[in-house]
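Structure at a glance
Here is what each chain is made of, one letter per residue.
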Amino acid sequence: MLDKLRQFITDVVAPSAPDELTLDDGGYRLAATALLIHVISIDGDPSEVEKQKLHSLLEQRFGLDAATATRLIASATLVEGEAVDLYHFTSVIMRSVNEQGRLRIVEMMWELVYADGTVTEFEENVVWRAADLLAISTRDRVTLRQKVAAAAPVAPGAAQGGTAMGSVAEVDPAN
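Attention in this report is confined to the structure presented alongside it. What you see is a predicted model; the values in this text were computed from it and never measured.

1. Some details on the overall build of the chain
When helices and strands are counted, the chain shows eight helices and two strands. If you list the helices and strands of the chain from N to C, you get α-α-α-α-α-α-β-α-α-β. Across the 175 residues of the chain, 40% fall into the buried class. For the chain, restricting intrachain contacts to residue pairs at least 6 apart in sequence, the fraction spanning at least 24 positions comes to 74%. Working note: accessible area of the chain is about 9700 Å², and carbon and sulfur atoms make up 55% of it.

So, in structure tokens, the structure goes:
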């Protein structure tokens with residue numbers, strides 16, 4: 001009885017998060033997914049195309065089945081909603097992922113930016129800031145952007161609401 005009371009008080013004072021919601025060194029997938037969710041949410045509600053692209057990227061790049069990817073997205077959505085900055089995610093990724101893996105995460109970010117056929121200044125800025133925090137050089141970030149842009153199919157009406165997908169003029173927001 002006393003143990004149950006102690007546990008109740010502990011849970012009220014310092015509730016424990018489920019394992020899949022912790023951003024420890026092993027939670028790099030959660031951190032990366034939360035970062036990707038931030039990218040597709042930065043310019044408003046994510047489109048269906050962006051959501052589908054996120055799901056397929058997680059399955060392909062992380063080797064997940066559909067159900068696991070769905071659970072990861074749900075957990076990352078909660079974590080992303082509580083974060084106050086990108087450092088919350090990028091610091092976990094920096095401790096856990098080598099440069100090659102960080103490059104792949106930035107490439108995934110660009111794939112999501114181009115998924116809906118437009119590139120907004122908000123999306124460009126969040127990728128720039130995240131890449132900077134992930135220690136990805138400007139050259140590598142621009143190269144990844146150009147690679148993804150060249151492979152992205154042009155959607156009808158792509159120029160509305162943002163930069164047309166064929167245009168890849170990179171402007172460093174720091175200048």
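Picking up where we left off.
2. Concerning helix α8 (residues 138–151)
Its 14 residues give α8 an end-to-end C-alpha distance of 20 Å, which sits within 8% of 20 Å, the value for a rise of 1.5 Å per residue. Those residues of α8 not exposed but buried are Asp 140, Arg 141, Val 142, Leu 144, Arg 145, Val 148 and Ala 149. If you follow the buried residues of α8, they end up packed against α6 (99–115), β1 (118–119) and α7 (121–133).

3. With respect to the nonpolar core
Counting residues in each nonpolar core, the largest one holds 44 residues, and the members touching the most others are Leu 35 and Leu 58. Elements with a contribution of two residues or more to this core: α2 (28–41), α3 (48–62), α4 (66–82), α5 (87–96), α6, α7 and α8. Other than its neighbours up to four places away in sequence, Leu 58 contacts Thr 33, Leu 36, Gly 63, Leu 64, Ala 69, Leu 72, Ile 73 and Met 108.

4. Focus on the packing of α2 against α6
Where α2 meets α6, the closest approach of the two axes is 9 Å, and the angle between their N-to-C directions is 30°. By the angle class used here, α2 and α6 are roughly parallel. Note that α2 runs across α6; the crossing there is right-handed. Counted together, Ala 32, Leu 35, Leu 36, Val 39 and Ile 40 of α2 and Ile 105, Met 108, Met 109, Leu 112 and Val 113 of α6 form the full contact between these two elements. Class assignment for the residues of the contact of α2 with α6 results in ten nonpolar, no polar and no charged.

Conventions adopted
The written sequence of each chain sets the order in which its residues are numbered from 1. Under the rules for a predicted model, residues below a pLDDT of 70 receive no local features and side-chain atom pairs below 80 are neither given nor counted, while totals for whole chains, interfaces and linings still include all residues. Hydrogen atoms and water are omitted, and side-chain values are computed over all heavy atoms in the structure. Numbering of helices and strands runs from the N terminus, with a helix taken as a DSSP run of H or I at least four residues long and a strand as a DSSP run of E at least two residues long. Relative accessibility thresholds used throughout: buried, under 20% of the residue-type maximum; exposed, over 50%; partly exposed, between the two (1.4 Å probe, protein chains only). By definition, residues are in contact when any of their heavy atoms lie within 4.5 Å. Residue exposure ignores everything except the shown protein chains as possible cover, and the areas themselves are Shrake-Rupley values with a 1.4 Å probe. Working rule for helices: expected span equals 1.5 Å times residues minus one. The term nonpolar core refers to a set of buried residues drawn from Ala, Val, Leu, Ile, Met, Phe, Trp, Tyr and Cys, joined through side-chain atoms within 4.5 Å. Orientation is described by axes fitted as lines to C-alpha atoms, over the contacting stretch for helices, and by angles from 0 to 180 degrees between their N-to-C directions. Oblique is the label for any angle not under 35 degrees, not over 145, and not in the 65 to 115 range, which are roughly parallel, roughly antiparallel and roughly perpendicular in turn. Helix crossings fall into two classes, left-handed where the near helix is turned counterclockwise from the far one by less than a right angle and right-handed where it is turned clockwise. The nonpolar class holds Ala, Val, Leu, Ile, Met, Phe, Trp, Tyr, Cys and Pro. Asp, Glu, Lys and Arg form the charged class, and all remaining residues, Gly among them, are polar.

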